[in-house]
Amino acid sequence: MRKTIGVRLTAPLLAAALGPAALLLAPGAFATAAPAAAAVPGMAAAPYEYLGWGNPQKPTDVMKATGVTWFTLAFVLSDGGCNPAWDGSRVLSGGSDEAAIKSIRAAGGDIVVSVGGWSGNKLGEKCSSASALAGAYQKVIDAYKLKALDIDIEDTEFSNATVRQRVVDALKIVKTKNPGIVTYVTMGTTPSGPDANGKDLIKRGAAAGLANDGWVIMPFDFGGHSGSMGQATVSALDGLKAAVKSAYGYSDDAAYRHIGVSSMNGKTDEAGETVTTADFRTILGYAKQHHLARFSFWSVNRDRACGSGTDADACSGVAQSPYEFTKIVVQYQG
């Protein structure tokens, strides 16, 4: 991954999610009543940029070159306790990360902040309760007056059922305290959709009445797949859609609008696995057809050809022009 089970909502759960008025709705109304993400132009296409290593591009240079207006900045981690910090070490306010965010906004753009990732200390594990975890998320939201938050749940945070529940419950608190905020939950996947942990996470979200805007998969590092990576991604998204539809009782259309994809450009972490621009165009077509909540990728840092001795985390590993993948993703507007 990145460096750095079907339950229909019952009337009581509907009431918890939507309030007493939900009980007056016709069966299945929850599917159309649930909010759709990407209410803000450009938010649905917010590629990841990691400002913590290598030679990251200036976000404003990327904006000028591609027309992208939103970025997903990664990663906020635990500083060793239940307190958020960039990479677990850089301050939220007054540092280089805040300066980058201000430059993006001054140029007319905005940001999603991603909490988690594969490496480092995870807030979901270091915070001992849902309320404490929600408090840590809130510090990030308040620091940047966020419109959107991404929880990239991976590795030990993803594999622990107690932590999965804690993340769901914390996000429900965040939703209550920050009306209108868009939330994404991003996780790994198999070529046929979320694994048992992923399905469990979605079920827990539905059972808790979490109106999450986008359940997002990372369709790479498969350990084997058939067909192109674009086709494997479509298969994984079909499986994700089925899991979300089953758990929440959504219509097909509403289920699609509550799922998303975060691919990886070029050579992935797995030998022999490559995601091409043709694969990105396949994903773009699927996203447009079904109005997905999100089409992102890891990462802007890698959206350039490699030079001699260049770190593979800072380039795609394939022949390409600068920002070739970003220019495809930015065509998606929800």
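Attention here is on the structure that accompanies the text. The numbers attached to residues start from 1 for each chain and follow its sequence in the written order. In view of the model being predicted, local features appear only for residues whose pLDDT reaches at least 70, and side-chain atom pairs are presented and counted only at 80 or more, with totals across whole chains, interfaces and linings using the full set of residues. Hydrogens and water are ignored here; the side-chain numbers use all heavy atoms of the structure.

1. Brief notes about the pattern of salt bridges
The criterion, for reference: One speaks of a salt bridge when a side-chain nitrogen belonging to Lys or Arg is within 4 Å of a carboxyl oxygen belonging to Asp or Glu. Relative accessibility thresholds used throughout: buried, under 20% of the residue-type maximum; exposed, over 50%; partly exposed, between the two (1.4 Å probe, protein chains only).
Counting across every chain of the model gives 10 salt bridges. Lys245 is paired through a salt bridge with Asp252; the nearest N and O atoms lie 2.7 Å apart. Since its relative accessible area comes to 32%, Lys245 is described here as partly exposed. Taking relative accessible area as the criterion, Asp252 reaches 35% and is therefore assigned partly exposed.

2. Here we look at the state of the cysteines
Let me state the cut-off plainly: Here, the term disulfide refers to a pair of cysteine sulfur atoms separated by no more than 2.5 Å. Put simply, DSSP marks the helices as runs of H or I at least four residues long and the strands as runs of E at least two long, and each gets a number from the N terminus on.
With the rule as written, the count across this model stands at 2 disulfides. Shown here is the disulfide that connects Cys82 with Cys127, its sulfur atoms set 2.0 Å apart. Between Cys82 and Cys127, the disulfide has an S-S torsion of 100° and is therefore right-handed. Of the two residues, Cys82 is situated in the loop between β2 (70-78) and β3 (84-86) and Cys127 in the loop between α5 (123-126) and α6 (130-144); the sequence distance between them amounts to 45 residues. For Cys82, a relative accessible area of 28% gives the class partly exposed. The residue that forms a disulfide with Cys306 is Cys315, at a sulfur-sulfur distance of 1.9 Å.

3. Focus: α6
Going by this rule: Residue count minus one, scaled by 1.5 Å, sets the expected span of a helix.
Helix length check: α6 (15 residues) gives 22 Å between terminal C-alpha atoms against 21 Å at 1.5 Å per residue, within 8%. When α6 is considered as a whole, its buried residues turn out to be Ala130, Leu133, Ala134, Ala136, Tyr137, Gln138, Val140, Ile141 and Tyr144. Just beyond α6, the residue with positive phi is Lys145, at close to 50°.

4. A few points about the packing of aromatic side chains
Convention followed: Stacked, edge-to-face and tilted labels apply to pairs of Phe, Tyr and Trp rings (six-membered ring for Trp) whose centres lie within 6.5 Å, assigned for plane angles under 30 degrees, over 60, and everything in between, in that order.
Evaluated as defined, the whole model comprises 13 aromatic pairs. When the centroid spacing of 6.4 Å and the interplanar angle of 45° are considered together, the rings of Tyr48 and Phe75 count as tilted. Of the two residues, Tyr48 sits in strand β1 (residues 48-50) while Phe75 sits in strand β2, which places them 27 residues apart along the sequence. Note on Phe75: relative accessible area 1%, which makes it buried. Their ring planes at 10° and their centres at 5.0 Å tell us that Tyr248 and Tyr250 sit as a pair that is stacked. Under the relative-accessibility criterion, Tyr250 is labelled buried at 3%. Taken together, the aromatic side chains of Tyr48, Tyr50, Trp53, Phe75 and Trp298 make up a single cluster linked through ring pairs.

5. Things to note about the packing of helix α8 (residues 161-177) against helix α9 (residues 196-208)
What describes two packed helices is the angle between their axes and the distance between those same axes. Put simply, the test is: Here an axis means a line fitted to C-alpha atoms, over the contact stretch when the element is a helix, while the angle between two N-to-C directions is reported on a 0 to 180 degree scale. Throughout, the term roughly parallel applies to angles under 35 degrees, roughly antiparallel to angles over 145, roughly perpendicular to angles from 65 to 115, and oblique to all others. Each helix crossing is assigned a hand: it is left-handed if the near helix lies turned anticlockwise from the far helix by less than a right angle, otherwise right-handed if that turn is clockwise. Contacts: residue pairs with any heavy atoms within 4.5 Å of one another. Classification used: nonpolar for Ala, Val, Leu, Ile, Met, Phe, Trp, Tyr, Cys and Pro, charged for Asp, Glu, Lys and Arg, polar for all others including Gly.
Here α8 crosses α9 at 40°, and the two axes come no closer than 9 Å. For the element pair α8 / α9, the angle class is oblique. Both α8 and α9 take part in a crossing whose hand is right-handed. Residue-level inspection shows Ala161, Arg164, Gln165, Val168, Asp169 and Lys172 of α8 in contact with α9, the latter providing Asn197, Asp200, Leu201, Arg204, Gly205 and Ala208. For the contact of α8 with α9, the class distribution of residues is 4 nonpolar, 3 polar and 5 charged.

6. Section: the nonpolar core
Among soluble globular proteins, nonpolar side chains are generally buried collectively. To keep things clear, this is the line we draw: Nonpolar cores were defined as sets of buried Ala, Val, Leu, Ile, Met, Phe, Trp, Tyr and Cys residues, with membership established by side-chain atoms within 4.5 Å.
The biggest cluster of nonpolar side chains holds 85 residues, and the ones touching the most others in it are Tyr137 and Trp215. With 9 residues, helix α10 (residues 229-248) is the single largest residue contributor to this core. When neighbours within four sequence positions are excluded, Trp215 is seen to be in contact with Val185, Met187, Leu201, Ile202, Gly205, Leu210, Leu240, Val244, Tyr248, His258, Ile259 and Gly260. Listed in part, the 8 residues of the second largest apolar core include Trp70, Val182, Tyr184 and Val216.

7. Quick notes on the side chain of Asp221
For clarity, the cut-off: In the analysis that follows, any N or O atom pair within 3.5 Å is treated as a polar contact, provided that within protein one partner can donate a hydrogen and the other can accept it, and provided that, for residues neighboring in sequence, both atoms belong to side chains.
Within the element layout of this structure, Asp221 appears in the loop between β7 (214-218) and α10. For Asp221, a relative accessible area of 16% translates into the label buried. A distance of 3.5 Å separates polar atoms of two side chains, one belonging to Asp221 and the other to Thr268. Of note is the side chain of Asp221, whose polar atom sits 3.4 Å from the backbone nitrogen of Asp269.

8. Considerations on unusual backbone geometry
A cis amide bond links Ala74 with the next residue in sequence, Phe75, at an omega value of -15°. With an omega of 5°, the peptide bond running from Trp298 to Ser299 counts as cis. Locating Ser299 in the fold gives a position in the loop between β11 (294-298) and α13 (324-329). Backbone geometry at Asp87 places phi at a positive 55°, although glycine is not the residue there. Structurally, Asp87 can be placed in the loop between β3 and α4 (96-106).

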